[in-house]
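Spelled out from the first residue to the last, the chains are:
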Amino acid sequence: MNMQSQEIISIFKQTEALLEGHFRLTSGLHSPQYFQCAKVLQYPKHCEMLCASIAQFYKDMKIDVVASPALGGIVVGQEVGRQLDARTIFTERHEGAMQLRRGFEIKPGENVLVCEDVVTTGGSTQEVINIVQDAGGNVVGTASVVDRSGGKVKFNVPNQFSVLKIDVITYTPEDCPLCKQNVPIMKPGSREIK
Ligand SMILES: [Zn+2]
């Protein structure tokens, strides 16, 4: 892991975006880590710094539009769009389907960067890619602050960038070594976690 990743991880820990312990994830799996990107992005200075890596990567690619999936992607998309001086829009789920609403549109041939806070399975990013391509937009690439797949998720677009790659360790409850050691388990978002 390079120096920059170490520094970023220490900011995630300071802001409690990255917690260590014994957690029950929403999937039901157990993990020694819990990650909540919003905790670091609540500090505009950290958000600006993390998004600067994304903007730096895409700065010469003539991005016209930054598009993000609501809700998590909006904060990152807005900051990346500001730094690239690109129009910034978001998609949102309506009656189950991801859509562009609020009069947002993509014109045929526009260069679009699809931007998220966290990629886990890549599902939301892929939905935004589909919407952009259906509108005739040119998806130049994708970006996320964190890639929780450790780089395993791939999109069929020319560029893919993440500020930080994290391989999330998970265990089934039956195989969890922390359970075997009787480490108390916490549910993220509950009051046991500060
Ligand atoms: Zn456990």
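Residue numbers here run from 1 along each chain, matching the order of that chain's written sequence. The predicted nature of this model means local features are confined to residues of pLDDT at least 70 and side-chain atom pairs, given and counted, to a pLDDT of 80 or more, with totals for whole chains, interfaces and linings taken over all residues.

### Quick notes on the overall build of the chain
In step 1: Here a helix means four or more residues in a row that DSSP labels H or I, a strand means two or more in a row labelled E, and each is numbered from the N terminus. A count of helices and strands for the chain gives six helices and eight strands.
In step 2: Element order for the chain, N to C, with α for helix and β for strand: α-β-β-α-α-β-α-β-β-β-α-β-β-α.
In step 3: Atoms considered for the radius of gyration are the C-alpha atoms alone. The globule rule reads 2.2 Å times the number of residues to the power 0.38. Taking 194 residues into account, the globule formula puts the C-alpha radius of gyration at 16 Å, and the chain, at 18 Å, falls close to it.
In step 4: Partly exposed residues are those whose C-beta has more than 12 but fewer than 20 other C-beta atoms within 10 Å; with 20 or more the residue is buried, with 12 or fewer it is exposed, and the C-beta atoms are placed from the backbone. For the chain, the residues scored as buried account for 36% of the 194 residues in total.
In step 5: Two residues form a contact once the distance between their C-beta atoms, set from the backbone, is within 7 Å. Residue pairs at least 24 apart in sequence account for 61% of intrachain contacts in the chain once pairs closer than 6 positions are excluded.

### Re the pairing of strand β2 (residues 30-35)
In step 1: By the convention used here, strands pair only if DSSP detects at least 2 bridges between them. Two elements, strand β1 (residues 18-24) and β2, share five bridges in a ladder whose sense is antiparallel. Within β2, the position partnered with leucine 19 by the bridge is tyrosine 34.
In step 2: Hairpin connection between β1 and β2: a loop of five residues separates the two successive antiparallel strands, and glycine 28 in this loop has a positive phi of roughly 95°.

### Some words on the nonpolar core
Nonpolar side chains in soluble globular proteins generally cluster together in the buried interior.
In step 1: Only buried Ala, Val, Leu, Ile, Met, Phe, Trp, Tyr and Cys residues enter a nonpolar core, and they are joined through C-beta atoms within 7 Å. Judged by nonpolar contacts, the single largest core of 44 residues is most densely connected at Val66, Ala67, Val80, Val112, Leu113, Val114 and Val132.
In step 2: Beyond its immediate sequence surroundings of up to four residues, alanine 67 is in contact with Ile89, Phe90, Thr91, Val112, Val114, Val128 and Val132.

### As for unusual backbone geometry
In step 1: The residue after alanine 70, namely leucine 71, is reached through a cis peptide bond having omega -10°.
In step 2: Considering the arrangement of structural elements, one finds leucine 71 in the loop between β3 (65-69) and α4 (72-84).
In step 3: In the Ramachandran plot, glutamate 95 falls in the positive-phi region, its phi being about 50° despite a non-glycine side chain.
In step 4: With respect to the helices and strands, glutamate 95 occurs in the loop between β4 (87-94) and β5 (97-100).
In step 5: The backbone of arginine 102 shows a phi angle near 60°, a positive value even though the residue is not glycine.

### Observations regarding the sheet that holds β5
In step 1: Read from one edge of the open sheet, six strands run β5-β4-β3-β6-β7-β8, paired in mixed fashion. The open sheet terminates on both sides in strands that have one partner only, identified here as β5 and β8 (159-165). For this sheet, the mean inter-axis angle between neighbouring strands, taken without regard to orientation, is 25°.
In step 2: Here β3 pairs with β4 via five bridges, running parallel. Note on β4: the bridge partner recorded for alanine 67 is isoleucine 89.
In step 3: Contacts from helix α5 (residues 123-134) reach β3, β4, β5, β6 (111-119) and β7 (138-147), with the element oriented near 165° to β6. To obtain an axis, a line is fitted to C-alpha atoms, over the contacting stretch when the element is a helix, and the angle between two such axes runs from 0 to 180 degrees between their N-to-C directions.

### Regarding the confidence of the model for the chain
In step 1: pLDDT: the predictor's confidence for each residue, scored from 0 to 100. Chain-level statistics for the chain give a pLDDT mean of 93 and a share of 95% at 70 or above.
In step 2: Within the chain, β3 carries the highest mean pLDDT (98), whereas helix α1 (residues 3-14) carries the lowest (89).

### Observations concerning helix α3 (residues 44-58)
In step 1: With 15 residues, α3 should cover 21 Å at 1.5 Å per step; its first-to-last C-alpha distance of 21 Å lies within 8% of that length.
In step 2: Alanine 52 marks where α3 bends most, by close to 25°.
In step 3: Residues of α3 that are buried: Cys47, Leu50, Cys51, Ile54, Ala55 and Tyr58.
In step 4: Those residues of α3 that are buried lie in contact with α2 (37-41), α4, β6, β7 and β8. Multiplying 1.5 Å by the helix residue count minus one yields the expected span of that helix. Throughout, bend refers to the angle between the axes fitted to the seven residues that end at a position and the seven residues that start at it.

### Topic: α5
In step 1: With twelve residues, α5 ought to run about 16 Å at 1.5 Å a step, and its terminal C-alpha atoms sit 17 Å apart, in line with that.
In step 2: Within the span of α5, buried status applies to Ser124, Thr125, Val128, Ile129, Ile131 and Val132. Along the axis of α5, the buried residues cluster in a sector spanning 165°; they form a single face. Away from its buried face, by an angle of more than 90 degrees, α5 presents the exposed residues Gly123 and Asp134.
In step 3: The inward-facing, buried residues of α5 contact β3, β4, β5, β6 and β7.
In step 4: Phi for glycine 136, located one or two positions after α5, is positive at around 90°. An arc is given here, and it is the one of the directions from the helix axis to the C-beta atoms.

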